[in-house]
Amino acid sequence: MKKTTLALLASVATLTLAPAANAAEEPAKVKTCVGCHGQGGHSVVPNFPVLAGQHAAYLEKALKDFRDGFRHNATMQMFAKGLTDDEIKALAAYYSSQK
Ligand code: HEC
C-alpha cells in the first residue's frame, strides 16, 4: 500500500515537472539554430531561410531529409545529424508557431 502511494506520488511529480507539450514552447535545441536562422526563426540573412510560420510538416520533412541524407547541405546536415524524431517534431512545432 505504502509502495503504491509512493509510486503514484513519484509519477505525479514527474508529470508535473515534465515540460508541457505546447507548440510555442522553445525546445532546448533552438539555441543551436538561432545563430543562423535568427530569433524565433526570423532570419535576417538571405542565405539562411526564414523558419517562422512555416508549415510544421514541411519543416519536419526538411530536417529529416537533411538528417537522413536525402537533402544535401553540408551545414544543415551537420546540425540535423544528431536530432531525434521527437526533437525534430518539437523544433518544427516551435518554428511553425512563430509569427
Ligand atoms: C551555421 C548555420 C546554420 C545553423 C546553425 C542551422 N541552420 Fe538550418 N539552414 C542553414 C542553411 C544555409 C540552410 C539552407 C540549406 C539549403 O540550401 O538547402 C538551412 C536550411 C534549414 C531548413 C530548411 C528550410 C527550407 O525552407 O527549406 C530547416 C528546416 C532548418 N534549416 C532548420 C534548422 C534547425 C532546426 C536548426 C537548429 C537545430 C538549424 N537549421 C541550424 C543554416 C543553418
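Structure shown above.
The residue numbering used here restarts from 1 in each chain and proceeds along that chain's sequence as written. At least 70 in pLDDT is required for a residue's local features to be given in this predicted model, at least 80 for side-chain atom pairs to be given and counted, and no such filter applies to totals for whole chains, interfaces and linings, which use all residues. Note: side-chain values were computed over all heavy atoms of the structure, leaving out hydrogens and water.

Draft legend 1. Quick peek at the site of the ligand. Near residues are defined by distance, with any heavy atom within 4 Å of the molecule or strand qualifying the residue. The environment of the ligand is formed by 19 residues, the closest being Cys 33, Cys 36, His 37, Tyr 58 and Met 76. Polar contacts, as used here, are pairs of N or O atoms within 3.5 Å; protein pairs need one atom able to donate a hydrogen and one able to accept it. Residues neighboring in sequence count only if both atoms are side-chain atoms. Residue His 37 places a side-chain N or O atom 2.8 Å away from a nitrogen atom belonging to the ligand. Residue Arg 71 places a side-chain N or O atom 2.9 Å away from an oxygen atom belonging to the ligand. Only DSSP runs of H or I reaching four residues or more are called helices, and only runs of E reaching two or more are called strands; each is numbered from the N terminus. Contributions of two or more residues to the shell around the ligand are made by α2 (34-37), α3 (56-67) and α4 (74-80). Here the shell around the ligand gets five residues from one element, more than from any other, and that element is α3. Each residue is assigned to one of three groups, with Ala, Val, Leu, Ile, Met, Phe, Trp, Tyr, Cys and Pro labelled nonpolar, Asp, Glu, Lys and Arg labelled charged, and all others, Gly among them, labelled polar. Here the residues of the shell around the ligand sort into 13 nonpolar, five polar and one charged.

Draft legend 2. Structural detail: the coordination of the iron atom of the ligand. Here the coordinating atoms are restricted to nitrogen, oxygen and sulfur within 2.8 Å of the metal centre, or 3.2 Å for Na, K and Ca, and because water is not among them the sites may look incomplete. Donor atoms from the polypeptide that coordinate the iron atom of the ligand comprise His 37 (NE2) and Met 76 (SD), at 1.9 to 2.1 Å from the metal. For the iron atom of the ligand, the six donor atoms in the first shell make angles of 84 to 178 degrees at the metal, so the coordination geometry reads as octahedral. Placement of the pair is His 37 in helix α2 and Met 76 in helix α4, with a sequence separation of 39 residues. Here His 37 and Met 76 have matching classes, each one buried. Sites are called tetrahedral only when four donors show all angles between 85 and 135 degrees, square planar or octahedral only when four or six donors show opposite pairs over 155 degrees and all other angles between 65 and 115, and irregular in any remaining case. Accessibility here uses a 1.4 Å probe with only protein chains present; expressed as a share of the type maximum, an area under 20% marks a residue as buried, one over 50% as exposed, and anything in between as partly exposed.

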